[in-house]
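# Structure assessment
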Amino acid sequence: MERLMITGQVPLKGEVEVHGAKNSSLPLLAAAVLCHGQTVLHNCPDLSDVAAACEILSYLGCRVEREGRTVLIDTEGICRHSVPDSLMREMRSSIVFLGAIAARMGRAELCFPGGCELGPRPIDLHLSALRKLGLSIREEHGNLLCRTDGRMTGTSLSLSFPSVGATENILLAAATAQGRTILTNAAREPEIVDLAGFLNQCGARISGAGEGTIVIDGVETLHGCEHRVIPDRIVAATFLSCAACTGGDVLVKQVEPAHLAGVLPIFEEMGCHVRCYADAVHLKAPGRLRAVKDVRTMPYPGFPTDAQAPIMAAAAVAEGTSVFVENIFESRYKHAAELTRMGARIKLEGKVALVEGVPKLSGAEVFCTDLRGGAALVAAGLCAEGTTILREIHHIDRGYERIEEALRPLGAQILREDSTF
Ligand code: EPZ
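Everything numeric here is computed off the predicted structure, so don't read it as measured data.

## Considering the pairing of strand S5 (residues 63–67)
- With five bridges joining them, S5 and strand S6 (residues 70–74) adopt antiparallel strand pairing. The partner of Arg 66 across the bridge, within S6, is Val 71.
- In sequence, S5 turns back onto S6 through a hairpin of two residues, with Gly 68 there showing a positive phi of about 65°.

Okay, structure coming up:
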């Protein structure tokens, strides 16, 4: 098994580039299923979750080729409508393929994605919306057996919660439905805007993405296109947190500062000097961070739940007590126990985490519990005294391209090692 060895207390200095967004690449790869002919995605990160999505496309019969961060998808050979259970279980967000496969093939078969480290991860909002669009869905022995007679039919939909995945599934199903779909209380994340932009480049007619109401006028078919994936705002937030907690001075490049509007004020409240450029953010940390009054995770444009763990690592060494409220997922504090092993003082009470800052953390052997929890442990290892051994780092590789290679040019003492146990 691989592990990361980190020797901390080196202030990060220099420049680092951010790769394309995992959470945009996945729905874009699903959207390619709708497109006849070839689609080319640039700035598509080389991550295990993206590889899993490409594996699904290949299983469906598509030709998928990667050259660096460019992925070509040719769907002319598409011949299957099911996603293997192993792939569904490996990556629960594969549910985003449902709408696209059903729309292209007239039928789709997937197993229930099941829960993950963050909690049960239900898909009720996806299923009820797709049913209203005319997809018949039978739930049998943990499988979703779906079919539609001809094209789905546009309708008015409203989400009880602005679910990112459900919004994506609705866009993918409605893009080639018959007639107009009006979706209210839609998710507003930048990844939704990126997906709608891609679909419109392919001939779809979608307006309002990024706002609460999205209008989709279905078209008969979509053609392929060439598209550049937006930068990964959570990777950017993670690198900024690594700079903040090590007293660093870092320029994070290839980002959209507007996508970080919910995050940057938190760093400023912690005492960092933050400056935005067209496609970069510069952060200069103070000698010691100040605690942050309260961090409440919210749907975009609020503070993103995915940045909660990486920023908690910085709060762990800030002066004073920070309050986190996790409003999006049921169980997204698993990293707290591992941070505590490094000397952090964190008290959990339901959705609330009280983080009493300590002067320094101590290196220890810790285990990644999930993707962003693992990223938090990298940040903690970088600011801890001594050496941190980080295990189960496959979680991190799901969303960060070789994180050690990104951080080492900033002075980070971080090494990936093979360990026999
Ligand atoms: C996407 O997950 C992201 N994943 C998550 O990032 C991110 O944390 C989340 O959006 C919120 O921003 C991808 O884009 C691949 P949701 P998704 O549907 O679509 C409940 C990461 O670290 N809900 O907005 O699954 C759900 O239980 C990952 O990169 C229902 O109740 O998020 C959760 O509590 C983690 N019923 C809340 O809504 C449903 O049908 C938010 O879920 C769907 C969701």
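That shown, we press on.
## Details of the environment of Gly 208
- With respect to the helices and strands, the residue Gly 208 is situated in the loop between strand S12 (205–207) and strand S13 (214–217).
- C-alpha of Gly 208 to C-alpha of Ala 406: the two residues are 198 residues apart in sequence and 35 Å apart in space.
- Sequence-distant contacts of Gly 208, that is, excluding residues within four places in its chain, are made with Thr 213 and Ile 214.

## With respect to the site of the ligand
- Lining the immediate surroundings of the ligand are 23 residues, of which Asp 124, Leu 125, Ser 163, Asp 306 and Ile 328 lie closest.
- Contact between the ligand and Pro 122: an oxygen atom at 3.4 Å from a main-chain N or O atom of the residue.
- Here an oxygen atom of the ligand sits 2.8 Å away from a polar atom, N or O, in the main chain of Leu 125.
- Compared with its free state, where it exposes 820 Å², the ligand has 86% of that area covered by protein.
- Those elements that place two or more of their residues in the shell around the ligand are helix H1 (22–32), helix H5 (124–132), helix H6 (164–174) and helix H12 (371–383).
- For the shell around the ligand, the residue count by class is 10 nonpolar, six polar and seven charged.

## Describing the packing of aromatic side chains
- Throughout the structure, instances matching the rule amount to zero aromatic pairs.
- Positioned above the aromatic ring of Tyr 59 is the side chain of Arg 80, whose terminal nitrogen or guanidinium carbon lies 4.2 Å from the ring centre.

## What about the packing of H1 against helix H7 (residues 190–201)?
- It is the contact of H1 with H7, at a shortest axis distance of 9 Å, that shows an interaxial angle of 30°. Taken together, the axes of H1 and H7 are roughly parallel relative to one another. In this structure, H1 crosses over H7, and the sense of that crossing is right-handed. In contact with Asn 23, Ser 24, Pro 27, Leu 28, Ala 31 and Ala 32 of H1, H7 contributes Glu 191, Asp 194, Leu 195, Phe 198 and Leu 199.
- In terms of residue class, the contact of H1 with H7 is made up of seven nonpolar, two polar and two charged.

## Side note on the side chain of His 81
- Along the polypeptide, His 81 turns up in the loop between S6 and helix H3 (85–90).
- Those residues in contact with His 81, other than ones at most four positions away along the chain, are Leu 60, Ile 101, Met 105, Arg 107, Ala 108 and Glu 109.

## Considerations on helix H10 (residues 308–315)
- In terms of burial, H10 is a largely internal element, eight of the eight residues being buried.
- All of the buried residues along H10 are Gln 308, Ala 309, Pro 310, Ile 311, Met 312, Ala 313, Ala 314 and Ala 315.

## A closer look at the sheet that holds strand S24 (residues 387–391)
- The mixed open sheet is built from four strands, whose spatial order is S23-S24-S1-S25. Sheet topology places strand S23 (365–367) and strand S25 (413–418) at the edges, where each strand pairs with a single neighbour. Recorded for the sheet is a direction-independent mean angle of 25° between the axes of neighbouring strands.
- Of the pairings in the sheet, the one linking strand S1 (residues 2–7) to S24 comprises four bridges and is antiparallel in character. By the bridge assignment, Leu 4 is partnered in S24 with Leu 390.
- On the sheet, H12 packs against S1, S23, S24 and S25 and is oriented at approximately 30° with respect to S1.

## Focus on the sheet that holds strand S21 (residues 345–349)
- Across the sheet, four strands lie side by side as S19-S20-S22-S21; this open sheet has mixed pairing. The open sheet has two free edges, formed respectively by strand S19 (294–296) and S21, since each of these has just one partner strand. Sheet twist, expressed as the average angle between the axes of neighbouring strands with direction ignored, equals 15°.
- Here S21 pairs with strand S22 (residues 352–356) via five bridges, running antiparallel. Within S22, the residue paired with Arg 345 across the bridge is Glu 356.

Cut-offs used in this document
Residues numbered from 1 in each chain as written. Predicted model: local features only at pLDDT ≥ 70, side-chain atom pairs only at ≥ 80, totals over all residues. Heavy atoms only, no water. Pairing = 2+ DSSP bridges. Helix = DSSP H or I, 4+ residues; strand = E, 2+ residues; numbered from the N terminus. Contact = heavy atoms within 4.5 Å. Near = heavy atom within 4 Å. Polar contact = N/O pair within 3.5 Å; in protein donor to acceptor, adjacent residues only side chain to side chain. Areas by Shrake-Rupley, 256 points an atom, 1.4 Å probe, with all protein chains shown as cover. Nonpolar A, V, L, I, M, F, W, Y, C, P; charged D, E, K, R; others polar. Phe/Tyr/Trp six-rings, centres within 6.5 Å; stacked < 30°, edge-to-face > 60°. Lys NZ or Arg CZ within 6 Å of the ring centre and 35° of its normal. Axes fitted to C-alpha atoms, helices over the stretch in contact; angles between N-to-C directions. Parallel < 35°, antiparallel > 145°, perpendicular 65-115°, else oblique. Left-handed = near helix turned anticlockwise from the far one by under 90°. Buried < 20%, exposed > 50% of the residue type's maximum accessible area, 1.4 Å probe, protein only.

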